[in-house]
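Coordinate inspection notes
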Amino acid sequence: IREASDIPCKMLLIGVFERHYGSVTSSLENSLENDPDVIMPGRFDDVRPFLLASDIFVFPSYREGFPNAVMEAGAMGLPAIVTDINGCNEVIENKENGLIIPTKDITALKRALLELLENPKLRYDMGQKARKVIVEKYRNEIIWQALATEYQRQMKERIE
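Okay, so let's go over this structure.

Cut-offs applied
- Residues numbered from 1 in each chain as written.
- Predicted model: local features only at pLDDT ≥ 70, side-chain atom pairs only at ≥ 80, totals over all residues.
- Heavy atoms only, no water.
- Salt bridge = Lys/Arg side-chain N within 4 Å of Asp/Glu carboxyl O.
- Helix = DSSP H or I, 4+ residues; strand = E, 2+ residues; numbered from the N terminus.
- Buried < 20%, exposed > 50% of the residue type's maximum accessible area, 1.4 Å probe, protein only.
- Patch = residues over 30% accessible without salt bridge, like charges linked within 9 Å, V, L, I, M, F, W, Y side chains within 5 Å.
- Areas by Shrake-Rupley, 256 points an atom, 1.4 Å probe, with all protein chains shown as cover.
- Pairing = 2+ DSSP bridges.
- Axes fitted to C-alpha atoms, helices over the stretch in contact; angles between N-to-C directions.

On to the pattern of salt bridges, then. Enumeration according to the criterion identifies 9 salt bridges in this entry. Salt-bridge contacts for E115 lead to K95; the nearest nitrogen and oxygen are separated by 3.4 Å. Separated by 20 residues along the polypeptide, E115 in helix α5 (residues 106-117) and K95 in the loop between α4 (88-91) and β5 (98-101) bring together distant segments of the chain. For K95, a relative accessible area of 48% translates into the label partly exposed. Between E157 and R153 there is a salt bridge; the shortest N-O distance is 2.3 Å. Note that E157 and R153 are positioned in helix α7 (residues 140-159) at a spacing of 4 residues, about one turn of the helix. Since its relative accessible area comes to 40%, R153 is described here as partly exposed.

Here's what the structure looks like:
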């Protein structure tokens, strides 16, 4: 991104590398650790302060179940760039509350980042929509009620 944009930016990486999946080589890890524009504070249970300090949430996952991290970012009003995988593509509606890119497509990721970096109004609007979607569709009470209804339905099927 550095060579493609004059906009100063930092990358904040929260969490740890999943070495057992082989997604990050030791060379890349060393490069990130030594880059002054990359901040790697480690793993945190409460990521809200980091989300608050961010402008864009990037989640280029290869696999995901229920994307809690994407939902947390949306709840904090951040637009997200996610890969087109189950879970993420259910929370993010492309070009509405974030951007969806193909998995393992570095060019698409770079293009999406530049689009949001270079357009603060788009970033803001998507972030507002992201928050609205999370509040309307993913409140705990709604999820709990849906789970309770499903459990009751399944129990009733087993009894009958």
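Below, the discussion takes up a nonpolar patch on the surface. Taken together, the side chains of L12, I14, I39 and F44 make up a nonpolar region of the molecular surface, amounting to roughly 300 Å² of accessible area. Following the sequence through the fold, F44 ends up in the loop between β2 (38-42) and α2 (48-52).

It is worth spelling out the environment of I56 at this point. Of note, I56 is situated in the loop between α2 and β3 (57-59). Of the residues examined, I56 reaches a relative accessible area of 15% and is grouped as buried. Expressed as a C-alpha distance, the spacing of I56 and G98, which sit 42 residues apart in the sequence, is 9.1 Å.

Attention now moves to the sheet that holds β5. Strand order in the open sheet formed by 3 strands is β3-β4-β5, with parallel pairing between adjacent strands. Sheet topology places β3 and β5 at the edges, where each strand pairs with a single neighbour. Averaged over neighbouring strand pairs, the angle between their axes works out to 15° when direction is ignored. Inspection of the sheet shows strand β4 (residues 80-83) paired to β5 by 4 bridges, in the parallel sense. The residue bridging V82 from the neighbouring strand is I100, located in β5.

Distances and angles like these do not, on their own, reveal function.
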